Every structure is written in structure tokens, then in C-alpha cells.
Amino acid sequence: MRTRGLLLWMSLCAFLATSALLSPTRHVIVPDAQAQDEESKKIVPYVPTPQEVVEKMLDMAQVKKGDVVYDLGSGDGRIVVTAAKKYGVRAIGFEIDPQRIKESHENIKKAGVDKLVEIRQQDIRTVDLSPASVLTMYLLPEVNMMIRPNIWNQMKPGSRVVSHDFDMGDWKPVREEHIKDSSGWEHTLYLWRVEAKK
Ligand SMILES: C[S@@+](CC[C@H](N)C(=O)[O-])C[C@H]1O[C@@H](n2cnc3c(N)ncnc32)[C@H](O)[C@@H]1O
């Protein structure tokens, strides 16, 4: 079975190999300090979610007027742009890579959603999730586990979390969906609802 989770893992291997080549301990040209800092914070490679899967993620989250959507590691901004364009909600993407941020700004402009969408250059591990009522993620299993305490401690009861391809350990999703994209890759989507603390 061809799954995009596998594709993300393969990209991760390539990404780790490249990072090792750029390591200052090797005798290669080292990028400037800021670029090196951004590179060292990058904990997930870029693999975009196909548009039909983006639509399904937002549909599963039952996005409605008044929601605030956060996408952690927002890539070219496709999830936040779609949330604003389709549902008219405020949406914020968090991304570390300047090239992806540039692409996001182009996509926001093209879609005419600049009043609703914002991209912040910020490490996803430092994001305060409390303003979000919907959180989307296409990260990696161990990164989901890193973010899990923040979801639990910061997000309000009733908030929805949708993860593309990776679960959150022993947190049982309220819904799991499988979707094939137009190129035949299979994707798994998980939905959780934040519960009130007892
Ligand atoms: C698998 S891609 C997902 C992109 C987008 N959310 C989507 O589904 O199309 C993960 C993204 O996370 C970004 N990223 C990796 N580490 C990050 C970090 N520490 N802080 C912010 N963004 C990060 C990468 O640059 C990449 O664009």
C-alpha cells in the first residue's frame, strides 16, 4: 500500500542526511548564522498535504464561523488559506522555513485572504495554542508527542485537533478516516476533541 506517511519518513531520511552534510563539524560551506539556526530548528521535512486531503481535514474538524485555525508547520500555507477561503475563519500558520513563508504570502495574496490569514515565523514547540479552536498538524509521531502536553494544557474544551498520517500515542481519536488522493497515495486522518479536565 502506498501511504504518504511512508513518503514523509523517506523525506525525513533525506532531510537528516542533508542536515548531517551541513553540520559545522564537516568541512563544507556553512550557511550564515540565521539560516543555520532556522535549519537546526527544522524538525520535520516539507511534504505538502494534497488539496483534497486538506479539504477533508477541515471537514473532519467541522470548522465553523468564529473558529480560529492554527496549522503547526504550515508549509506553503495551503491549510490556513483553505480554512479562510472556504469557511471565512481566521487562520494562522507557524513555519520556520523562509522559502515556505514566502510561498505562503504569495498564496495568501492569490486567494485574497490576507485579512484573515497570518503566517508567523516561529518554532512550533514554542507556540501558545490557547487562542486556537482548531489545530491541524502534518508532523511526525515524536513531534506530535512533543506537542501533546501543550494541546492538553492550553487548548479549550471542545477544540478539535486533526493530524495527517500520525497519531498521538495512546490518545484515542474520536474519528479516523482513510482517503486516497488523485495520485493513488493513501492518507490516514485522525480527529481528537479536547475534553474538559476532570
Ligand atoms: C510535512 S510539512 C507540512 C506542511 C503543511 N502543514 C501541509 O500539511 O501541507 C511540515 C512543515 O513543518 C515545517 N517545520 C519543521 N520544523 C519546524 C519548526 N520547528 N517550527 C516551525 N515549522 C517547522 C517544515 O518547514 C514544513 O514546512
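Calculation criteria
- Residue positions are given per chain, counting from 1 as you read along its sequence in written order.
- At least 70 in pLDDT is required for a residue's local features to be given in this predicted model, at least 80 for side-chain atom pairs to be given and counted, and no such filter applies to totals for whole chains, interfaces and linings, which use all residues.
- For this entry, the nonpolar core is defined as buried Ala, Val, Leu, Ile, Met, Phe, Trp, Tyr and Cys residues connected by C-beta atoms within 7 Å.
- Counting other C-beta atoms within 10 Å of each residue's C-beta, where C-beta atoms are placed from the backbone, gives the exposure class: buried for 20 or more, exposed for 12 or fewer, partly exposed between.
- Under the scheme used here, helices are H or I runs from DSSP no shorter than 4 residues and strands are E runs no shorter than 2 residues, and both carry numbers assigned from the N terminus.
- The contact rule is simple: place each C-beta atom from the backbone, and if two of them lie within 7 Å, those residues are in contact.
- For two strands to pair, DSSP has to find at least two bridges joining them.
- Consider the strands pointing away from the viewer: the crossover is right-handed when the path from the first strand over the helix to the second runs clockwise.

Take the nonpolar core next. Nonpolar side chains in soluble globular proteins tend to end up buried together. Met57, Val69, Val80, Ala83, Ala84, Ala91 and Leu135 are the most contacted members of the largest nonpolar core, which has 40 residues in total. Secondary structure elements with two or more residues in this core: helix H3 (51-60), strand E1 (68-72), helix H4 (78-87), strand E2 (90-95), strand E4 (134-137), strand E5 (160-164) and strand E7 (186-193). The element contributing the most residues to this core is H4, with six residues. Leaving out residues up to four positions away in the same chain, Val80 has contacts with Val69, Asp71, Ser74, Ala91, Ile92, Gly93 and Val117.

We now examine the pairing of E1. Taking burial as the measure, the five residues of E1 include four buried ones, the bulk of the element. Pairing analysis gives five bridges linking E1 to E2, with the strands arranged parallel. Bridging from a neighbouring strand, Val68 pairs with Arg90 of E2. The parallel pair E1 and E2 is bridged by H4, and the resulting crossover is right-handed. Here four bridges tie E1 to E4, and the two strands are oriented parallel to one another. For Asp71, the partnering residue across the bridge sits in E4 and is Thr136.

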